[in-house]
Amino acid sequence: MEISIEDQRLRPILEKVNSGARLNYDDGITLYRTSDLLALGYLANLVRERLHGNVTYFNVNRHINPTDVCVASCRLCAFGKRAKDPRAYTMSLEQVWETAGRGWTEAVTEFHIVGGLHPELTLDWYCEMLRGLKARFPQVHLKALTMGEIAFLARRGHISVREVIQRLKDAGVESLPGGGAEIFNERVRRIICDHKIAGEEWIEVARTAHQMGLKSNCTMLYGHLENDEDRVDHLLKLRALQDETGGLVAFVPLAFHPDNTQLAHIPSTTGFADIKNVAAARLLLDNVPHIKAYWVMMTPRIAQVAQRFGADDLDGTVVEEKIYHDAGATTSQSLRRDELLRLIRDAGRDPVERDTLYRPVARAGATLTVPV
Ligand code: V47
């Protein structure tokens, strides 16, 4: 099929995509510099359909944030609070287990568990929390703790990252979420999250987890102080990690939400930028199977459109989202299963409910409308 390409710089990239050749750094910069969004989307959609046909995945999950107390005080974040902040909270173990069960239905297949870097919660505490969840909800996959939380627990407990991961695995962790990667460029990192682990350390923790048999997701926070070069560099570092370990399952582009952060003067991202980040990621991350359009961050409307610009997954029902809503997100905190189905079908895609590792979830017809 002949497509109309306005930006002639995209022609050699089309040839590479057609022949399955790998894009390089300069191609990545071109993807970010073009305004020819339709041609960019065409290219990303070619790759997306080659990998996933007409399917868009979603899951039925619940987010749990056991504490927002965080020693890092990142400028990018509106969620983390100092321990003495009267608004801060830390759940007891019973409260975590009770939260997990709130609005519970048999349909839930995943708990996504992340929180702040709490100065006093120990690895033992996390392991007990995870064991308690597994005992109460044995069929639910535990996707828990970011690379940053793992590195923090290792440092605080004077043990290795490997040992922390082993203990978490023994307690029931089955995969890791992709948060905390932010942007790997150290110049930007020093401004937006100066107390967080360095980019190299994020990659090293992920590498260790993958070597130990855990899959993980990965993310990139964009729309703050980073430039095109930083974004391409970030994506190529993730691609190199994936060449080495094969442990990355999905990439989640995360738009910066400035409200209530110390970077509140930065304007929110535009729909154009959100779509462009999805498409560029699909094209550069040729070895990461899934690109997730996280509707909480993008709005359901943009996430829906993203299905035609490279994304093959909308994430899930989520149920209770705090990190983005503390930073001013105006989206709902949850979507019902039938709302996700509508967003997917309306875009002409075929919805497939998946578990965390993208295995299809079989449901009897009667449970298809479970209002989670
Ligand atoms: O790690 C924090 C980011 C992440 C802000 O792995 C902010 O499947 C924007 O990682 N504006 C948490 N972003 C979310 C996350 C995630 C979400 C959905 C699915 C998965 C997955 C992972 O949100 C944080 C940080 O990178 N963040 N503050 C903010 N103001």
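Please read these numbers as outputs of a predicted model, since none were measured by experiment.

**Some thoughts on the sheet that holds strand β2 (residues 61–64)**
1) Next: The strand order across the open sheet formed by 7 strands is β2-β3-β4-β5-β6-β7-β8, and the pairing between neighbours is parallel. Strands with a single pairing partner mark the edges of an open sheet, and in this sheet they are β2 and β8 (290–291).

**Thoughts on the packing of aromatic side chains**
Aromatic rings considered in pairs are described by the distance between their centres and by the relative angle of their planes.
1) Next: One pass over the structure, following the stated rule, counts 5 aromatic pairs.
2) Next: Ring geometry for tyrosine 294 and tyrosine 324: centres 6.2 Å apart, planes at 75 degrees, overall edge-to-face. With a gap of 30 residues between them, tyrosine 294 in the loop between β8 and α12 (295–306) and tyrosine 324 in helix α13 (residues 323–326) connect regions that are remote in the sequence.
3) Next: If you follow arginine 136 out to its NZ or CZ, it ends over the ring of tryptophan 97, 3.9 Å from the centre.
4) Next: When the ring centre of tyrosine 32 is taken as origin, the NZ or CZ atom of arginine 231, which lies over that ring, is 5.0 Å away.

**Re the sheet that holds strand β1 (residues 55–59)**
1) Next: Here 3 strands make up an open sheet; going across it, the order is β9-β1-β10 and the pairing parallel. The open sheet is flanked by β9 (313–316) and β10 (350–353), the only strands paired with a single partner. Direction aside, the axes of adjacent strands within the sheet are offset by 25 degrees on average.
2) Next: Examined bridge by bridge, β1 and β10 share 4 bridges and lie parallel to one another. The residue of β10 that forms the bridge with valine 55 is aspartate 350.
3) Next: Running over the sheet, helix α14 (residues 337–346) touches β1, β9 and β10 and is turned about 165 degrees from β1.

**Here's the deal with the packing of helix α10 (residues 228–245) against helix α11 (residues 271–284)**
1) Next: For the pair α10 and α11, interaxial distance at closest approach is 10 Å and the crossing angle is 40 degrees. In terms of axis orientation, α10 runs oblique to α11. Where α10 crosses over α11, the handedness of that crossing is right-handed. On the side of α10, the interface is formed by Arg231, Val232, Leu235, Leu236 and Arg239, while α11 contributes Asn277, Ala281 and Leu284.
2) Next: Split by residue class, the contact of α10 with α11 holds 5 nonpolar, 1 polar and 2 charged.

**Quick look at the nonpolar core**
1) Next: Within the largest apolar cluster, 118 residues are counted, with the highest numbers of intra-cluster contacts made by Phe111, Met129, Leu133, Trp202 and Phe251.
2) Next: Apart from residues no more than four positions distant in its own chain, methionine 129 is found in contact with Pro66, Leu93, Val96, Trp97 and Ile113.
3) Next: If you look at the next biggest cluster of nonpolar residues, it comprises 5 residues, including Val55, Tyr57, Val249 and Tyr358.

**Here's the deal with the packing of helix α7 (residues 161–171) against helix α9 (residues 199–211)**
1) Next: At a minimum axis distance of 10 Å, the contact between α7 and α9 shows a crossing angle of 50 degrees. By the angle between their axes, α7 is oblique relative to α9. Seen from above, α7 lies across α9 with right-handed handedness. Taken together, the residues of α9 that come into contact with α7 (itself represented by Val161, Arg162 and Ile165) are Val205, Thr208, Ala209 and Gln211.
2) Next: Across the contact of α7 with α9, the residue classes break down as 4 nonpolar, 2 polar and 1 charged.

**Topic: empty space enclosed by the protein**
1) Next: This structure, assessed with the given rule, holds 1 cavity of 30 Å³ or more.
2) Next: Approximately 30 Å³ is the volume found for the largest cavity.
3) Next: When residues of the lining of the largest cavity are traced back to their parent elements, those giving at least two are β5 (173–176) and β6 (215–222).
4) Next: In terms of residue count, β6 provides more of the lining of the largest cavity than any other element does, 3 residues in total.
5) Next: Residues of the lining of the largest cavity, tallied by class, amount to 3 nonpolar, 4 polar and 2 charged.

**Concerning helix α4 (residues 93–101)**
1) Next: Every buried residue of α4 is accounted for by Leu93, Val96, Trp97, Thr99 and Ala100. Take α4 and look down its axis: the buried residues cluster within an arc of 160 degrees, on one side only.
2) Next: Among the structural elements, β2, β3 (110–113) and α5 (123–136) are those in contact with the buried residues of α4.
3) Next: Count one or two residues on from α4 and you reach glycine 103, which has phi positive near 65 degrees.

**What to know about the side chain of glutamine 307**
1) Next: Here glutamine 307 is to be found in the loop between α12 and β9.
2) Next: Overall, glutamine 307 belongs to the buried group, its relative accessible area being 0%.
3) Next: Sequence-distant contacts of glutamine 307, defined by excluding residues within four places in its chain, comprise Asn45, Arg48, Thr56, Leu314, Leu343, Ile344, Ala347 and Arg349.

**A look at the site of the ligand**
1) Next: The local shell around the ligand holds 23 residues, among which Leu76, Gly178, Gly180, Glu182 and Lys292 are the closest.
2) Next: Here an oxygen atom of the ligand sits 2.8 Å away from a polar atom, N or O, in the side chain of lysine 143.
3) Next: Between the ligand and glycine 179, the relevant distance is 3.5 Å, taken from an oxygen atom to a main-chain nitrogen or oxygen of the residue.
4) Next: Sorting the residues of the shell around the ligand by element identifies β6, β7 (248–255) and α13 as the ones contributing at least two each.
5) Next: The residue inventory of the shell around the ligand, partitioned by class, reads 12 nonpolar, 8 polar and 3 charged.

About the thresholds
Per-chain numbering applies: the sequence of each chain, read as written, is numbered from 1 onward. The predicted nature of this model means local features are confined to residues of pLDDT at least 70 and side-chain atom pairs, given and counted, to a pLDDT of 80 or more, with totals for whole chains, interfaces and linings taken over all residues. Here the side-chain values reflect all heavy atoms present in the structure, with hydrogen atoms and water set aside. Whether two strands pair depends on DSSP finding at least two bridges between them. Only DSSP runs of H or I with at least four residues qualify as helices, and only runs of E with at least two residues qualify as strands; both kinds are numbered from the N terminus onward. In this analysis, rings of Phe, Tyr and Trp, with Trp reduced to its six-membered ring, are considered paired at centre separations within 6.5 Å, and the interplanar angle assigns stacked below 30 degrees, edge-to-face beyond 60, and tilted for intermediate values. To sit over a ring, a charge needs its Lys NZ or Arg CZ within 6 Å of the ring centre and within 35 degrees of the ring normal. Structural elements are reduced to axes, namely lines fitted to C-alpha atoms, with helices fitted over the stretch in contact, and the angle between N-to-C directions of any two is expressed from 0 to 180 degrees. Residues count as neighbours in contact if any of their non-hydrogen atoms are within 4.5 Å of one another. Roughly parallel here means an angle under 35 degrees, roughly antiparallel means over 145, roughly perpendicular means 65 to 115, and every remaining angle is called oblique. The handedness criterion is simple: a crossing whose near helix is rotated anticlockwise from the far helix by less than a right angle is left-handed, and one whose near helix is rotated clockwise is right-handed. Gly is put with the polar residues, along with every residue not named as nonpolar or charged; the nonpolar set is Ala, Val, Leu, Ile, Met, Phe, Trp, Tyr, Cys and Pro, and the charged set is Asp, Glu, Lys and Arg. By convention a nonpolar core is built from buried Ala, Val, Leu, Ile, Met, Phe, Trp, Tyr and Cys residues, the set being connected through side-chain atoms within 4.5 Å. The rule is simple: take the accessible area with a 1.4 Å probe, protein chains only, and divide by the maximum for that residue type; under 20% is buried, over 50% is exposed, in between is partly exposed. The distinction between a cavity and a pocket rests on a 1 Å grid over the protein atoms alone: a 1.4 Å probe fits inside a cavity but cannot get out, while a pocket stays open yet meets protein on both sides within 12 Å along at least five of seven lines, and a residue with an atom within 4 Å of a point counts as lining. Grid points are joined across faces, edges and corners, and a volume is the space filled by probe spheres set on the points. Picture the helix axis, draw a direction to every C-beta atom, and the arc is the one those directions span. By convention in these notes, a residue is near a molecule or strand provided one of its non-hydrogen atoms lies within 4 Å of it. Throughout this description, a polar contact denotes any pair of N or O atoms lying within 3.5 Å of each other; where both atoms belong to protein, one of them has to be capable of donating a hydrogen while the other can accept it, and for residues adjacent in sequence the pair is counted only when both atoms sit in side chains.

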